[in-house]
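Take a look at the letters that make up each chain.
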Amino acid sequence: MIVELYVVRHAVAEPAGPGQDDAARPLTADGAREFARAVAGLATLGVRLDLLLHSPALRAVETAELLVPLLERDGETRVTPSLARAPSPELLLEIARGRVALVGHEPWLGELALSLCLGWDPAGGGDGRPIALGKGSVAWLSGEPRAGAMSLRALWPSRALRAVGKRAR
Amino acid sequence: MPVALRGEDAEGVHQVRVCAGRLAAWLALGRRRILWDDLSWLRRILGPVRDLDVLISAHRSAPWLPALEREHRERRRELVAALRDRGGRFAGLVAALRVSRPIEAERARAGLEHLRRRLARAGEELEGDADLEALHRVRRRLRRLRYGSEWLGERRGDLEELQQAFGDLNDLAIAHRRLVASGIAPEGDPARAKIESGLAERRAAALEAWSRLGAGVARA
């Protein structure tokens, strides 16, 4: 089944305070504002979602909340611990249908994208480098969600998405 | 949770389900969409276990009890597997809730007003000959408004009374679906007759409670 996959790194988050759980870091106010503008850019580009998967970390939850306007009426959101660790076969099983966004963290998202596009295995050594996603940036992949079977259609830095959204207003 | 997992006391599953409902109302106060579907999923896997707990307890001498008990064992297995899966959706939900940010009071008040308006709109459908689905819609929105109010420290007797009346109707509707509509309890079965006559009574009681109290809860 062909899936349109939007790999989204969470937006800019507060640094961890002393003794604070890394998973509890919220987005900064600017980070949230900028990502909301990036989402406007995604909307301008015609991105719609059937499924929105996200890590349980607060910065991923808050980033996912900002993507909700792109969700179809019968779309679904789902929290998954698979997006809070290195890519696994379990994650690919969750990418079930249509147009899917994954909201998570580097370097795992970059490793996932490289694995899906080129079949790269991070555990296999070699000199492969993951695709580096900036905060609030989106990689658009298309194809079957398995190693080496997807194509990278676009890599949208957050700044570019904000510009697209701004031009459309 | 430990009580729900052990399965010796049906109250465990019931309380986890109530907790999921309260958390969903909390999300609704903040107009938050993320985690909503995960809580709905949790309620969907808890629901059948709870329904069967209630039915089995109420019909211990029924000849069709073994069929319900078989289904109950299967549903409990699925539920326990989901709750114990450390890499699964429930674990993710708990992790996300643990780090969730509080909802600001002003936003929560606006959210409560939104819940009240949604209940008022659903209540308008109860004019005339309302079908069961319209009554269920009111029941769900009553539950959310009641739990939302309680999150803000407001306890309202009228909401509790309405939720009880609509909840009693729902319990019987579930029994009807599981035992009568499914064919498990055949014609002439005493449980079936009791459910069918009870449905009309509870429907009337829910509508009477709404006619008496609905305007008050639906008004700002």
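All values derive from a computational prediction rather than experimental measurement. (Residues numbered from 1 in each chain as written. Chains lettered and ligands numbered in written order. Predicted model: local features only at pLDDT ≥ 70, side-chain atom pairs only at ≥ 80, totals over all residues. Heavy atoms only, no water.)

(A) Fine view of the packing of helix α2 (residues 11-29) of chain B against helix α7 (residues 132-151) of chain B. Residues and elements named next belong to chain B. The interhelical angle for the contact between α2 and α7, taken along N-to-C directions, is 75°, at an axis separation of 8 Å. Taken together, α2 and α7 sit at an angle that is classed as roughly perpendicular. Judged by residue contacts, Val18, Gly21, Arg22, Leu23, Ala25, Trp26 and Leu29 of α2 engage Arg144, Arg146, Tyr147, Gly148, Glu150 and Trp151 from α7. Each residue belonging to the contact of α2 with α7 can be placed in one class, and the counts come to seven nonpolar, two polar and four charged. (Axes fitted to C-alpha atoms, helices over the stretch in contact; angles between N-to-C directions. Helix = DSSP H or I, 4+ residues; strand = E, 2+ residues; numbered from the N terminus. Parallel < 35°, antiparallel > 145°, perpendicular 65-115°, else oblique. Contact = heavy atoms within 4.5 Å. Nonpolar A, V, L, I, M, F, W, Y, C, P; charged D, E, K, R; others polar.)

(B) Local environment of the pairing of strand β3 (residues 71-79) of chain A. Residues and elements named next belong to chain A. Of the strand pairs in this sheet, strand β2 (residues 49-54) and β3 are connected by five bridges, and their pairing is parallel. Following the sheet pairing, Leu49 is matched in β3 by Leu71. Assessed by its sense of winding, the connection that carries the chain from β2 through helix α2 (residues 58-67) to β3 is right-handed. (Pairing = 2+ DSSP bridges. Right-handed = clockwise from strand over helix to strand, strands pointing away.)

(C) A look at the interface of chain B and chain A. Tallying the contact residues gives 18 residues for chain B and 22 residues for chain A. Here Arg101 of chain B and Glu62 of chain A are joined by a salt bridge, their closest N and O atoms 2.8 Å apart. In this structure, the connection of chain B to chain A is made through eight residue pairs in polar contact (both at pLDDT 80 or more). Sorting the residues of the side of chain B that touches chain A by element identifies α3 (36-58) and α5 (89-98) of chain B as the ones contributing at least two each. No other element matches the six residues that α5 of chain B contributes to the side of chain B that touches chain A. Here the side of chain B that touches chain A is composed, by residue class, of seven nonpolar, four polar and seven charged. (Salt bridge = Lys/Arg side-chain N within 4 Å of Asp/Glu carboxyl O. Polar contact = N/O pair within 3.5 Å; in protein donor to acceptor, adjacent residues only side chain to side chain.)

(D) Expanded view of the nonpolar core. Counting 89 residues, the largest nonpolar core has Leu52, Leu67 and Trp156 of chain A together with Leu126, Phe166 and Trp210 of chain B as its most contacted members. Element by element, the count of residues in this core is highest for helix α8 (residues 157-181) of chain B, at ten residues. Setting aside anything within four residues of it in sequence, one finds Leu126 of chain B in contact with Ala134, Leu135, Val138, Phe166, Leu207 and Trp210 of chain B. (Core = buried A, V, L, I, M, F, W, Y, C linked by side-chain atoms within 4.5 Å. Buried < 20%, exposed > 50% of the residue type's maximum accessible area, 1.4 Å probe, protein only.)

(E) Focus on the side chain of Ser158 of chain A. Residue and element names in this part refer to chain A. Assignment of secondary structure puts Ser158 in helix α5 (residues 158-168). There is a polar contact of 2.9 Å between the side chain of Ser158 and the side chain of Arg162. Setting aside chain neighbours within four positions, we find Ser158 in contact with Ala38, Lys135, Gly136 and Ser137.

(F) Layout of the sheet that holds strand β4 (residues 99-104) of chain A. Residue and element names in this part refer to chain A. Sheet architecture is open: six strands sit in the order β3-β2-β4-β1-β5-β6, paired in mixed fashion. Looking at strand neighbours, the two that pair on one side only are β3 and β6 (150-156), the edges of this open sheet. On average, each strand axis in the sheet is inclined to that of its neighbour by 20°, with strand direction left out of account. Note that strand β1 (residues 3-9) and strand β5 (residues 138-143) share six bridges and pair antiparallel. From the neighbouring strand, Val8 faces β5, where its bridge partner is Val138.

(G) Region of the structure containing the packing of aromatic side chains. The tally for this structure, following the rule as stated, stands at three aromatic pairs over all chains. Taking the centre distance of 6.1 Å and the plane angle of 20° together, the rings of Tyr6 of chain A and Trp140 of chain A count as stacked. Linking Tyr6 of chain A in strand β1 with Trp140 of chain A in strand β5, this pair joins segments that are 134 residues apart in sequence. For the residue pair Tyr6 of chain A and Trp140 of chain A, the accessibility class agrees, reading buried in each case. Seen from their ring centres, Trp26 of chain B and Trp151 of chain B are 6.4 Å apart, and the 50° between their planes marks the pair as tilted. Here Trp151 of chain B lies in helix α7 and Trp26 of chain B lies in helix α2, a separation of 125 residues in the sequence. Look at Trp151 of chain B and you get partly exposed, because its relative accessible area is 42%. (Phe/Tyr/Trp six-rings, centres within 6.5 Å; stacked < 30°, edge-to-face > 60°.)

(H) Structural detail: the environment of Ala25 of chain B. Residues and elements named next belong to chain B. With respect to the helices and strands, Ala25 occurs in helix α2. Spatially, the C-alpha atom of Ala25 lies 18 Å from that of Glu161, the residues being 136 residues apart in sequence. Contacts of Ala25, omitting those with residues within four sequence positions, involve Arg144, Tyr147, Gly148 and Trp151.

Note that every value here comes from positions in space, so none of it alone points to a role or purpose.
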